[in-house]
Every structure is written in C-alpha cells, then in structure tokens.
Amino acid sequence: MKRDTHSISIIGLGYVGLCTAATFASRGIGTIGIDIDHERVQQIRKGKAPLHEPQLDDMLKTAVKNKLLDATTDFSGATDTNTTFLTVGTPSGRDGSIDLSFLKQATIDLGRALRKKHGYHLVVVKSTVIPGTPTNIVNPILEDFTKTKVGPSLGLCANPEFLKEGTAINDALHPDKIVIGASDKKSADRLTGLCKRFYRGKLPPLIITNPESAELVKYASNAFLATKISFINTIANIAQQTPGVDVGTVAKAIGLDARIGELFLKAGPGYGGSCFHKDLQALINYSKKNGYNPVLFQATEETNEKQATRIVDMAEKLLGSLSDKKVAVLGLAFKKDTDDIREAASFRVIGQLRKKGAQVIAYDPMAIPNAKKVLSDQIDYANNPRSTIKGADCAVIMTEWEQLRKLKPKDFRSYMKTPNIVDARRIYDPEDFRELNYVAVGLGQRNPTGPQQVSRVP
Ligand SMILES: NC(=O)c1ccc[n+]([C@@H]2O[C@H](COP(=O)([O-])OP(=O)(O)OC[C@H]3O[C@@H](n4cnc5c(N)ncnc54)[C@H](O)[C@@H]3O)[C@@H](O)[C@H]2O)c1
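I will try to describe carefully the structure that is included in this document. Quantities reported herein were computed from a predicted structural model and do not represent experimental measurements.

### Focus on the sheet that holds strand β9 (residues 326-330)
Either a parallel or an antiparallel arrangement is found when strands of a sheet pair, and the pairing is made through backbone hydrogen bonds. Overall, parallel pairing links the 6 strands, which are arranged β11-β10-β9-β12-β13-β14 in an open sheet. In this open sheet, the two edge strands, each paired with only one partner strand, are β11 (380-381) and β14 (437-440). Relative to strand β10 (residues 359-363), β9 is paired through 5 bridges, and the arrangement is parallel. Bridge pairing in β10 places Leu 330 opposite Tyr 363.

Structural data, given as structure tokens:
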C-alpha cells in the first residue's frame, strides 16, 4: 500500500468501515482495513465488496488496483498509519443496552499493536456508542495496552457516522456535517487536518465538541428520524380509517412547513436496519440507568413494532383467515439498494403471517442470501417478482425496489390466484389499481368493501 503522512487504518470492515475505507482511498489517502473475518478480508483484497452498496464495488476495485487500499487481519498494520478509525459493530445486548464487547476487543488489539509504535497516533471512535464510552471505556483500555497516556503522544476522538445504507458512498463523500468530539486540542486539530485533506477545501460544516456531546448528537439524530417515521405512520393509520383521505397528501402538505420538512415523512411498514431500533434501545437504556425514562422514544419503538401487525391485519381483511393462504412477500431488505436485512420490517410481517398459518414465498433482488441465513426453509424463495406472485392469494409489498415498481396491475391480475395487494410501501398509484383488491398504508378507502378510488398527490 502507498503510504504518506496521512495514511489511515480502519478496524471493522462492515458497511461503515468498508465504505469509509473505499472513500478515503478514492481521495488518494493510503488506507489499511483490519477485520477479524478472514474471508471478508480476502474478498476485499481481491477488490470485491462482501456487501451490496451502490458504487462500492467499483471504488474498491480501483483502490486495490492503485495500491491505495489493503486489508488484513493483522492489527500491527495500524502501526504503519497515523490515525485509526474504530468502526466495529455495537449491537444491542439482551436488555437493549449497548454491547461494547467488539469495541473493547478491537481497542485491546489496537492498543497491543500501538505499544510498538513510535510517534503520535490518533484513535477515532466512529462506531455509534453511548456518551462516555470513549472517555470511560476506550481511553483506559488504550492507556493500559499502549502503556501511554492519552494526551501528547496518543490522541482520542469521537467522530460519529451519519451515512445511510443504499447511498453510503455518496453520503461519505458529501456529508451534511462532520462532528468531532475531541479529548484535547491536538487530537481535534489532527482529525480536522485529515478532514480538510479528504474534502479538499470544501469542508462540510464542522462541529468540534467534547466526545460525550458528539455521541449524543448521533443518538439524537437517529431518535429524531425514527420518531418522525413513527409519527407519520401514526397519522397514516388514522388516515386509513378515514374514508377518502390519503396520508401522502397530508405528508406533502405538512412537509412544506419549513419547521417540519419533507424528508422522512413516508408512511410504511415501520423502520428497520441495523441502527434505529438498536440505537433507540441503547439510548432508552442509558437514560433510564441515569434516572430518566424517555417515554417519547418508548412510544416511537412501540408504534414501529405494531406497524407490522397493521400490515398483517390489512392482508387478513382482504383474505379473511390467512391459514393455508399463499402470501407473496415482495422485498426483504430493510430498504431498497441494500442487501441488509437487519431489523427489516419484512421479517416482523413474515413472522406474523407464519403464525397465522400462511405459506410465505418471498423475493428480493439482493437480500435472499442473507434472508436464508436467518429463515432457512421456513419460507419459500422465488427468483423474480412474477414467479413470486404466481398463484398467490395475496401480495405484500415490503421494500420499495425499482424492479417492484415496474409491476403492472395486469401482472397481478394474470399471475395471482386472486389479486389482493397490500402495498406497505405505497409504491403504486391507487388509481391504476382500482379494479384490483388494492390497499395501501395510510390510504382511506371510499367504500370499505369496494375497490380503492382515492387519487394521490404525485
Ligand atoms: N450500517 C449503518 O448504516 C451505520 C450508519 C452509521 C453508524 N453505524 C454504526 O457503525 C458501527 C458499525 O456498523 P456496521 O453496520 O458497519 O457494522 P457491521 O456489522 O456491518 O460490521 C462490523 C465489522 O466489524 C468487524 N469486527 C467485529 N469485531 C471486530 C474486532 N474485534 N476487530 C476487528 N473487526 C471486528 C466484523 O467482522 C464486521 O466486519 C456501529 O456502531 C453502527 O451503529 C452504522
């Protein structure tokens, strides 16, 4: 790998670590990725992404070819660089509290390696962690294993990540902001310098604060976004009970109010992905331990969990009993353009459909290999949308893939046993589907027993 004074290392090559590594390398900054997963490392060394993320494969291929990116399982690789980002997973423990075991182990292994290094090294916690983690957990481990005090020779910063799967590369290259929570001025200056080099004079708004505030910024962002989704789903459920009302019209109108904003007002099956649920649980748990119960976020989570039941209820209303009915689930990934199924709403819906005796067949353009690791043969899988709905009693749209948008009413009519459609993502125009048994989240029917007749704001 090409090395210069700005070379960096990244520990944990998952969605965040690998996208961060690829974008650093794309800016000419020598990058070493370190992961404990040998297979993953081998794949990355060949320039092949072990996960689906638009643009990532091409970027990785170029970076490896240009010798700007290498991957290894050997932590001593970090000593050839000046800055190490920690991007390992921080999942939920059993009680919802944050599980820091990966972060602790990665810090121990990094600390051991850095003991042999001469010269200043900056450690940056990019994983999402509860406030106090860098100062109270990472700092003592680092000091213990490097035998160096955090300060003049060893820097420590928090630098939470805000990228979104599906647009991760673009988000990493053009973030809305950068938040640096620094233990001292030297580490803040070092990380700011690296950011300046990365963004080549077009530095996004930069917030420099202490590590605790930086971590709370991350949780506050995710809690706000998750709450916005549960809010619009609540309005959707009220709209759905109200003949002639479409939540899309309501969302569009309220979104024009600058105080509210138009983004994250799409009603649907509830949020998924690796972050919102886990981070809300960690925040609730952290706050409760400190003596404050954030009931708003409890309600956000409860609303989200119950949204799956709403989707299944819609199918049940169309079909009567679900027992022995063939239900086609279109989309498994938690959103389009990713193969990530973590906390996907589709799994909550599938679980409930199966409990009610339905036979589930599912399709997703990217996520079936991951889904099989969790569901194995509990459901059937199809190779394309049309073979999924063939002979089905009901189709449930769970992910907003472009490929699914292309299905026409005639496809559902000609392939399905009965064209019952539950559009949990609201991807179709109800006017086009008025001759079919079409229901969508947040769409109030004009005649509860008849087909849909409500027109939608585009
Ligand atoms: N995925 C997102 O969209 C997203 C967005 C913003 C922030 N985050 C946060 O970033 C962090 C990473 O998330 P992710 O989705 O990339 O996780 P991930 O599960 O996709 O990847 C984690 C990687 O860390 C590796 N790892 C685990 N223990 C290790 C160790 N001791 N040493 C080296 N490598 C180790 C794993 O093998 C894996 O490759 C989390 O804290 C998450 O909350 C995620």
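Still more ground to cover, so stick around.
### Description of the packing of helix α1 (residues 15-26) against helix α3 (residues 56-65)
Two elements in contact, α1 and α3, have axes whose closest approach is 9 Å; the angle formed by their N-to-C orientations is 50 degrees. Regarding the angle of α1 to α3, the classification is oblique. As for the relative orientation of α1 and α3, their crossing is left-handed in sense. Residues Leu 18, Cys 19, Ala 22, Thr 23, Ala 25 and Ser 26 of α1 touch α3, and the partners they reach there are Leu 56, Met 59, Leu 60 and Ala 63. Residues belonging to the contact of α1 with α3 are distributed by class as follows: 8 nonpolar, 2 polar and no charged.

### Focus on the packing of aromatic side chains
By the definition in use, this model includes 9 aromatic pairs. A ring pair is formed by Tyr 271 and Phe 276, whose centres lie 5.6 Å apart and whose planes are at 80 degrees; its orientation type is edge-to-face. In this structure, Tyr 271 and Phe 276 share a single accessibility class: buried. By the ring-pair criterion, three or more aromatic residues cluster together here, those being Phe 24, Phe 85, Phe 198 and Tyr 199. Above the face of the Phe 162 ring, Lys 177 is positioned so that its terminal group lies 3.9 Å from the ring centre. Across the ring face of Tyr 381, the terminal group of Lys 372 is positioned such that the distance to the ring centre comes to 5.1 Å.

### Some remarks on the sheet that holds strand β7 (residues 178-182)
Reading across the sheet, the 8 strands line up as β3-β2-β1-β4-β5-β6-β7-β8 and stay open at both edges, with mixed pairing between neighbours. At either margin of the open sheet sits one strand with a lone partner, and together these are β3 (69-72) and β8 (206-209). Neighbour-to-neighbour, the strand axes of this sheet turn through a mean angle of 25 degrees, independent of strand direction. As paired strands, strand β1 (residues 8-11) and strand β4 (residues 83-86) are joined by 4 bridges and run parallel to one another. Bridged to Ile 8 within β4 is Thr 83.

### Things to note about the side chain of Asp 340
Counting through the fold element by element, Asp 340 comes out in the loop between β9 and α12 (345-355). Setting aside anything within four residues of it in sequence, one finds Asp 340 in contact with Tyr 15, Glu 165, Ser 274, Ala 333 and Phe 334.

### Considering the site of the ligand
Lining the immediate surroundings of the ligand are 27 residues, of which Val 16, Asp 35, Thr 90, Glu 165 and Lys 278 lie closest. Measuring from a nitrogen atom of the ligand, one finds a side-chain N or O atom of Ser 274 at 3.4 Å. Against a free-state accessible area of 830 Å², the protein chains account for coverage of 90% of the ligand. Counting only elements with at least two residues in the shell around the ligand, the list comes to α1 and α4 (101-114). Of the residues that constitute the shell around the ligand, the class distribution is 11 nonpolar, 8 polar and 8 charged.

### Some thoughts on the environment of Leu 436
Within the fold, Leu 436 resides in the loop between β13 (420-423) and β14. Here the alpha-carbon distance between Leu 436 and Arg 413, two residues 23 residues apart in the chain, equals 7.5 Å.

Definitions and limits used
Residues numbered from 1 in each chain as written. Predicted model: local features only at pLDDT ≥ 70, side-chain atom pairs only at ≥ 80, totals over all residues. Heavy atoms only, no water. Pairing = 2+ DSSP bridges. Helix = DSSP H or I, 4+ residues; strand = E, 2+ residues; numbered from the N terminus. Axes fitted to C-alpha atoms, helices over the stretch in contact; angles between N-to-C directions. Parallel < 35°, antiparallel > 145°, perpendicular 65-115°, else oblique. Left-handed = near helix turned anticlockwise from the far one by under 90°. Contact = heavy atoms within 4.5 Å. Nonpolar A, V, L, I, M, F, W, Y, C, P; charged D, E, K, R; others polar. Phe/Tyr/Trp six-rings, centres within 6.5 Å; stacked < 30°, edge-to-face > 60°. Buried < 20%, exposed > 50% of the residue type's maximum accessible area, 1.4 Å probe, protein only. Lys NZ or Arg CZ within 6 Å of the ring centre and 35° of its normal. Near = heavy atom within 4 Å. Polar contact = N/O pair within 3.5 Å; in protein donor to acceptor, adjacent residues only side chain to side chain. Areas by Shrake-Rupley, 256 points an atom, 1.4 Å probe, with all protein chains shown as cover.

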